[in-house]
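For reference, the chains in residue letters:
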Amino acid sequence: EACNHRCDYCFVKGKNDFHTMTPEVATAAIDYLLESSRHLNWIAVLFFGGEPLIEFGLIQEVVRYGEQRAKETGKDVRFNMTTNGTLMTEEMARFFAEHRIRYLLSIDGAQATHDSHRHRCDGTSSFESVMSRLPMMKRYQPWQGSRVTLHPDTVGNLRGDVEYLFAR
């Protein structure tokens, strides 16, 4: 539930820092998925928030555990993530590339659209923070997908916002 944003359309109400997943629960979830996927050759795990990058250490632990357990069971594990990108560092992007973790960037389009509903905890814009990291993220993951949230008051900008993001 922890997040460094307070987007007004977020489905997670009352975000807080004390409902984080423990490593024990996370690794038990990996075990459960591997055991329950009997006939499948692979499982998929999505890191989703709040903001998953707040728990980068836990992500590293889960990925390494999942890869090892998948190898032991003769399966493949695929990791994906949705992130607002504002906490992404070179170290994180490198780790994600090395472990084939694909991520989508939560961004709604050009700055006016993005800022209309996506706010940091203090109410300020995160747009420049995301855009300044985009070239680095694209070095590690050239295909950069976006998770755009449509809202009645911004849907009219959709074409322009998609064109803006595509040009980046």
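From a predicted model like this one, the values you see are computed outputs, not experimental measurements.

Engineer: What is the right way to read the pattern of salt bridges from this model?
Structural biologist: Oppositely charged side chains can pair when the atoms bearing their charge come close. Inspection of the entire model under this criterion finds 7 salt bridges. Between aspartate 108 and arginine 118 there is a salt bridge, and its shortest N-O distance comes to 3.1 Å. Residue aspartate 108 is found in the loop between strand 3 (102-106) and helix 4 (111-117), and its partner arginine 118 is found in the loop between helix 4 and helix 5 (127-140); the two are separated by 10 residues along the sequence. For the pair shown, aspartate 108 and arginine 118 are each scored as buried. A single salt-bridge network, built from bridges that share partners, covers Asp31, Arg69 and Glu72.

Engineer: Would you explain the nonpolar core in this entry?
Structural biologist: Side chains that are nonpolar tend, in soluble globular proteins, to be buried together. Ranked by internal contacts, the top residues of the largest apolar core, which has 33 residues, are Phe47, Phe79, Met88 and Phe96. When contributions to this core are tallied by element, the ones reaching two or more residues are helix 1 (23-36), strand 1 (42-47), helix 2 (56-73), strand 2 (76-83), helix 3 (90-98), strand 3, helix 5 and helix 6 (158-167). Ignoring any residue separated from it by four or fewer positions in sequence, one finds phenylalanine 96 in contact with Leu53, Phe56, Ile59, Met81, Met88, Ile101 and Tyr103.

Cut-offs applied
- Residues numbered from 1 in each chain as written.
- Predicted model: local features only at pLDDT ≥ 70, side-chain atom pairs only at ≥ 80, totals over all residues.
- Heavy atoms only, no water.
- Salt bridge = Lys/Arg side-chain N within 4 Å of Asp/Glu carboxyl O.
- Helix = DSSP H or I, 4+ residues; strand = E, 2+ residues; numbered from the N terminus.
- Buried < 20%, exposed > 50% of the residue type's maximum accessible area, 1.4 Å probe, protein only.
- Core = buried A, V, L, I, M, F, W, Y, C linked by side-chain atoms within 4.5 Å.
- Contact = heavy atoms within 4.5 Å.

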